[in-house]
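Next come the chains, spelled out residue by residue.
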Amino acid sequence: MAIKIVSDSSSNLLSFAAASYSAVPLKVITKEKEYSDDAALDVEGMIADLRKVHGRTGTSCPNVFEWREAMGDDGDVIAITITSNLSGSYAAAMQAKKELEQESPDRHIAVIDSLSTGPEMQLVIEHLAELIAADKPFSEVEREARAYLAHTHLIFCLQSLENLARNGRVNLLVAKIAGALGIRIVGIASAEGTLELLHKPRGAVRARESILSVMRKQGYQGGRVRIAHCLNEAGATALAEAIRKEFPTAQIEILKTTALCSFYAEEGGLMIGYEDIVS
Ligand code: X90
């Protein structure tokens, strides 16, 4: 039985054909409704609802039971979660692992804290699928996936930090800056798995320059890039072109954010995952 990959839905990958795979949904919660981040959800409909909603909105991570369900009753599993410094998803997955291993001591279950989210998780999932397809033993797959994570990075470029600030994931004062017209906030997932804000470019062109300067500084040299966007296909495409112009070998894929990342990255938001090696 092939090793199963399980991710929480913050990876934006709700299905993945290249492996035995399932995604555990996070939830976006408003006073009226709860949106489960799964394939049945109309994400654009949710975003339209969020524009109209007043009052508190928030999110919640999968619980232990949901992780257990996704990890299944048998076989080996490698799970990957959103950063444990911003969400309880990792703690819930670790508890599920502990319970399942107690019930079936012969199972191998690993949980990787991405210390990141979105397209950086996507890169690791794709890498896991390749390692599994190459029939490597469990310990080797886990070891190589963790090693790969040291060579992947996440940059975000956001037009609003409102939902992040309101839910205590960034400082309120910093978030106010982003409210100014045309200002974008460019930052990275820090080594601790928190948001590290770097630049405040004005306008899309400067934002792209800023993103490229961070990529260069972090050692990007023309490998894989995954760009997730929230209602910003044009921004994602223009960024992909700018990357290819400087790095002709870049292997870039563009996708849409699903519910959780759409809620926090907000409209216009871009999340860029990339590797600093050429694989
Ligand atoms: O448990 C929960 O309710 C989920 C909380 C998630 C909080 C943050 C999600 C951020 C998503 C924003 C840009 C990238 C940030 C990178 C941080 C390491 C998207």
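The rules behind the values
Residues numbered from 1 in each chain as written. Predicted model: local features only at pLDDT ≥ 70, side-chain atom pairs only at ≥ 80, totals over all residues. Heavy atoms only, no water. Pairing = 2+ DSSP bridges. Helix = DSSP H or I, 4+ residues; strand = E, 2+ residues; numbered from the N terminus. Axes fitted to C-alpha atoms, helices over the stretch in contact; angles between N-to-C directions. Contact = heavy atoms within 4.5 Å. Salt bridge = Lys/Arg side-chain N within 4 Å of Asp/Glu carboxyl O. Buried < 20%, exposed > 50% of the residue type's maximum accessible area, 1.4 Å probe, protein only. Domains from an automatic or database assignment. Buried area = accessible area lost by both parts, 1.4 Å probe. Polar contact = N/O pair within 3.5 Å; in protein donor to acceptor, adjacent residues only side chain to side chain. Nonpolar A, V, L, I, M, F, W, Y, C, P; charged D, E, K, R; others polar.

Visitor: Run through the sheet that holds strand 8 (residues 152–158), naming residues and quoting values.
Guide: Backbone hydrogen bonds hold the strands of a sheet together, and the pairing may be parallel or antiparallel. Pairing is mixed across the open sheet formed by six strands, whose spatial order is 10-9-8-13-11-12. Strands with a single pairing partner mark the edges of an open sheet, and in this sheet they are strand 10 (195–199) and strand 12 (251–256). Along the sheet, successive strands turn relative to each other by an average axial angle of 25 degrees, direction set aside. Pairing of strand 9 (residues 185–189) with strand 10 involves four bridges; the strand directions are antiparallel. Paired with Val186 across the two strands is His199, which belongs to strand 10. Along the sheet, helix 9 (residues 233–246) contacts strand 11 (224–229), strand 12 and strand 13 (270–275); its crossing angle with strand 12, the most-contacted strand, is approximately 170 degrees.

Visitor: Summarise the pattern of salt bridges; cite the residues concerned and give the values.
Guide: Tallied over the full model, the rule gives 15 salt bridges. A salt bridge links Lys256 to Glu44; the nearest nitrogen and oxygen atoms lie 3.8 Å apart. On the criterion of sequence distance, the pair formed by Lys256 in strand 12 and Glu44 in helix 1 (residues 43–52) is long-range, its members being 212 residues apart. Assessed through its relative accessible area of 46%, Glu44 is described here as partly exposed. With a shortest N-O distance of 2.9 Å, Arg68 and Glu103 are connected by a salt bridge. Of this pair, Arg68 sits in helix 2 (residues 64–71) while Glu103 sits in helix 3 (residues 89–103), and the two are 35 residues apart along the sequence. Through salt bridges with shared partners, a single network forms among Arg68, Glu99 and Glu103.

Visitor: If you had to explain the domain arrangement of the protein to someone new, which residues and values would you point to?
Guide: Annotation of the protein at the domain level lists domain 1 (4–26 + 61–149) and domain 2 (152–275). Put simply, the middle of domain 1 and the middle of domain 2, counted by C-alpha atoms, are 24 Å apart. Each partner contributes residues to the interface: domain 1 has 24 residues there, and domain 2 has 26 residues. Where domain 1 abuts domain 2, roughly 1,900 Å² becomes buried across the two surfaces, and 57% of that area is made up of carbon and sulfur atoms. Inspection of the domain 1/domain 2 interface yields two salt bridges. Viewed at the interface, domain 2 and domain 1 are joined by 12 residue pairs in polar contact (both at pLDDT 80 or more). Of all elements in the fold, only helix 4 (118–133) and helix 5 (138–149) reach the threshold of two or more residues within the side of domain 1 that touches domain 2. Ranked by residues supplied to the side of domain 1 that touches domain 2, first place goes to helix 4 with eight residues. Classifying every residue of the side of domain 1 that touches domain 2 by side-chain character gives 11 nonpolar, 10 polar and three charged.

Visitor: If you had to explain the sheet that holds strand 6 (residues 77–81) to someone new, which residues and values would you point to?
Guide: Taken together, four strands build an open sheet; the order of strands is 2-1-6-7 and the sheet is parallel. Each having just a single partner strand, strand 2 (21–24) and strand 7 (109–113) make up the two edges of the open sheet. For this sheet, the mean angle separating the axes of adjacent strands, direction not counted, is 20 degrees. Bridge analysis of strand 6 against strand 7 gives five bridges, and the strand direction is parallel. By the bridge assignment, Val77 is partnered in strand 7 with Ile109. Together, strand 1 (4–8), strand 2, strand 6 and strand 7 form the strand contacts of helix 2, whose direction differs from that of strand 1 by roughly 155 degrees. Against the sheet, helix 5 makes contact with strand 6 and strand 7, and its axis sits at roughly 0 degrees relative to strand 7, the strand it touches most.

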